[in-house]
Amino acid sequence: MRDRLEAVRDKAIQSGVQFMDVRLFNSHSSRIIIQDKKADKIAQNITYGAGIRVLVKGAWGFASTNIISKQTLFESLENAIKMAILSKKKIDSPGIITKLDPTEDIHVYKVKRDPRRVPVKEKLDLVTKLANRLNREWGGNFTITSHQVKFRTTYFKRRPGEP
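As the structure is a prediction and not an experimental result, all values here were calculated from the model.

(A) Region of the structure containing the packing of aromatic side chains. By the definition in use, this model includes 1 aromatic pair. Here F19 and W60 contribute two aromatic rings whose centre-to-centre distance is 5.9 Å and whose plane-to-plane angle is 75°, an arrangement assigned as edge-to-face. Placement of the pair is F19 in strand β1 (residues 19–35) and W60 in strand β3 (residues 59–65), with a sequence separation of 41 residues. For F19, a relative accessible area of 7% corresponds to the buried category. On the basis of relative accessible area, W60 is assigned to the partly exposed category, the value being 34%. Between the NZ or CZ atom of K11 and the centre of the ring of F74, over which it lies, the distance is 5.2 Å.

Set out below in structure tokens:
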């Protein structure tokens with residue numbers, strides 16, 4: 001991932017943008033819906049994407065993609081630049097940025113058990129138990145119980161702004 005981020009940053013510098021940031025992410029999610037005490041819907045998804053934001057001659061542009069190859073990221077960078085150039089005609093006051101020193105940081109959130117590694121059957125059993133307990137303890141007849149878990153990783157790189 002780092003090589004893609006740095007390639008987009010370098011291309012943005014070559015293109016002469018005042019500012020650029022790119023965010024690549026992958027997201028894992030699972031969702032279980034119990035309806036009338038039976039599994040109604042079970043879904044697991046993995047999504048990938050990127051968003052690129054640029055400042056060109058005082059105007060902002062943005063483009064996104066769900067394909068994160070270098071070529072597609074370069075195309076998205078070009079689209080963001082084109083959007084900024086087109087929007088320049090419509091802005092009343094130019095966008096500004098504050099010069100920041102480059103930083104690098106990694107945040108890792110520790111969990112007792114990675115939800116991506118929990119088998120679907122086990123998740124279904126847990127949600128079913130929760131639905132039964134809610135009905136018992138709250139004296140209701142819940143017809144739909146839903147559970148969703150998302151796990152997201154984001155990679156971020158920016159081109160620092162000029163003073």
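(B) Quick look at the nonpolar core. Grouped together as the largest cluster of nonpolar side chains are 20 residues, with contacts concentrated most on V8, M20, I52, V54 and L77. When residues in this core are grouped by element, the largest group, 6 residues, is from helix α2 (residues 70–87). Among all residues touching I52, those that are not within four sequence positions of it are V8, M20, D21, V22, G61, F62, A63, L73, S76, L77 and A80.

(C) Representation of the packing of helix α1 (residues 2–15) against α2 within the structure. Packing of α1 against α2 leaves a shortest axis separation of 10 Å and a crossing angle of 35°. α1 and α2 meet at a crossing whose hand is right-handed. Here D3, R4, A7, V8, K11, A12 and S15 of α1 come into contact with α2, specifically with K70, L73, F74, L77 and I81. For the contact of α1 with α2, the residue count by class is 7 nonpolar, 1 polar and 4 charged.

Rules and cut-offs
- Residues numbered from 1 in each chain as written.
- Predicted model: local features only at pLDDT ≥ 70, side-chain atom pairs only at ≥ 80, totals over all residues.
- Heavy atoms only, no water.
- Phe/Tyr/Trp six-rings, centres within 6.5 Å; stacked < 30°, edge-to-face > 60°.
- Helix = DSSP H or I, 4+ residues; strand = E, 2+ residues; numbered from the N terminus.
- Buried < 20%, exposed > 50% of the residue type's maximum accessible area, 1.4 Å probe, protein only.
- Lys NZ or Arg CZ within 6 Å of the ring centre and 35° of its normal.
- Core = buried A, V, L, I, M, F, W, Y, C linked by side-chain atoms within 4.5 Å.
- Contact = heavy atoms within 4.5 Å.
- Axes fitted to C-alpha atoms, helices over the stretch in contact; angles between N-to-C directions.
- Left-handed = near helix turned anticlockwise from the far one by under 90°.
- Nonpolar A, V, L, I, M, F, W, Y, C, P; charged D, E, K, R; others polar.

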